[in-house]
Amino acid sequence: MSDEEDIPQLSADTLAALSMFQAEQQKKLEDLKSGKSEKIDEDWQLSQFWYDDETSKKLVSEGIAAAKSSSERPAKIGCVSSPTLVKFFHETEEYKMGQIQITLFEFDSRFGMKFPTEFVEYDYKQPTNLPAELLGTFDVIIADPPFLAAECLIKTSHSIRLLGKENVKVILCTGAIMEEYASRLMAMHRTSFEPKHSNNLANDFSCFANYSTLTFL
């Protein structure tokens with residue numbers, strides 16, 4: 001028997017289904033790039049779970065309230081691994097009037113097509129790989145590390161320290177089990193706000209902050 005005969009072969013039906021799936025994914029990317037579509041599906045391999053609309057709006061409201069304490073305009077807000085918030089920031093009067101500036105630090109390049117002027121490619125595994133001109137410039141940072149693991153939060157917090165001003169206000173959304181790490185790494189406390197996701201997660205999710213939040217306790 002030859003080596004080629006040893007290699008498992010996909011059936012015609014499987015190949016057809018695979019081809020159809022690839023074509024659908026390519027069309028979604030093309031529609032996103034052209035502006036025909038705004039929806040980006042969750043990629044569970046990247047541990048993506050989108051917030052529901054109410055959660056997004058509440059986080060955006062708190063981020064803007066926190067940014068108003070900055071003496072600079074526009075106040076700079078960084079979204080670290082929290083891409084679904086950008087759309088909701090765009091809908092606010094503060095954004096439309098140029099009072100706030102949004103930068104998205106995100107691994108998923110699809111968001112670079114959707115938000116090309118605000119997207120910065122970011123991989124938490126390389127926490128110091130950040131544009132030099134953005135270091136120490138952010139008034140507010142909202143972060144949602146993709147994985148409930150100490151390594152992920154440790155490296156994300158390192159990026160946050162590099163990006164934020166000395167008095168940066170940080171909002172962190174992650175699993176409740178990460179509370180001790182959030183406290184030790186960034187002096188954060190657990191707030192009363194509980195983020196929700198459009199596809200209900202089994203994990204107990206919480207919101208932490210390093211300051212006295214203004215729109216939720």
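Our subject is the structure that appears above.
Remember, predicted model here, so these are calculated numbers, not experimental data. (Residues numbered from 1 in each chain as written. Predicted model: local features only at pLDDT ≥ 70, side-chain atom pairs only at ≥ 80, totals over all residues. Heavy atoms only, no water.)

S.K.: Hey, could you run me through the sheet that holds strand 3 (residues 119–121) in this one?
M.R.: Reading across from one edge, 3-2-1-4-5-7-6 is the order of the seven strands in this open sheet, with mixed pairing throughout. What marks the edges here is a single partner per strand, and that holds for strand 3 and strand 6 (189–190). By the bridge criterion, three bridges tie strand 2 (residues 100–106) to strand 3 in an arrangement that is parallel. If you follow Leu104 over to strand 3, its bridge partner there is Phe119. On top of the sheet, helix 7 (residues 150–163) reaches strand 1 (75–80), strand 2, strand 4 (138–143) and strand 5 (164–175); it is set at about 155° to strand 5, its chief contact. (Pairing = 2+ DSSP bridges. Helix = DSSP H or I, 4+ residues; strand = E, 2+ residues; numbered from the N terminus. Contact = heavy atoms within 4.5 Å. Axes fitted to C-alpha atoms, helices over the stretch in contact; angles between N-to-C directions.)

S.K.: Mind showing me how you'd approach helix 7 here?
M.R.: Helix length check: helix 7 (14 residues) gives 20 Å between terminal C-alpha atoms against 20 Å at 1.5 Å per residue, within 8%. Every buried residue of helix 7 is accounted for by Cys152, Leu153, Thr156, Ser157, Ser159, Ile160 and Leu163. Around the axis of helix 7, the buried residues are gathered within 160° of arc, so they sit on the same side. Contacts made by the buried residues of helix 7 are with strand 1, strand 2, strand 4, strand 5 and helix 8 (179–186). (Expected span 1.5 Å × (residues − 1). Buried < 20%, exposed > 50% of the residue type's maximum accessible area, 1.4 Å probe, protein only. Arc of directions from axis to C-beta.)

S.K.: How should helix 3 (residues 53–67) be read in this particular structure?
M.R.: For an α-helix the count is 3.6 residues per turn, leaving residues at separations of three or four pointing the same way. For helix 3, built from 15 residues, the straight-helix expectation of 21 Å at 1.5 Å per residue is met to within 8% by its first-to-last C-alpha distance of 21 Å. Inspection of helix 3 places Thr55, Ser56, Leu59, Val60, Glu62, Gly63, Ile64, Ala66 and Ala67 among the buried residues, and these make up the whole buried set.

S.K.: Just checking my understanding: could you explain unusual backbone geometry for this structure?
M.R.: Negative phi characterises most residues that are not glycine, and trans characterises most peptide bonds. That bond from Arg73 to Pro74 is cis: its omega, 0°, falls within 30 degrees of zero. Checked against the element boundaries, Pro74 lands in the loop between helix 3 and strand 1. At Ser81, a residue that is not glycine, the phi angle is positive and equals roughly 55°. If you trace the backbone, Ser81 turns up in the loop between strand 1 and helix 4 (85–90). If you check the backbone angles, Ala187 has positive phi at about 50° while not being a glycine.

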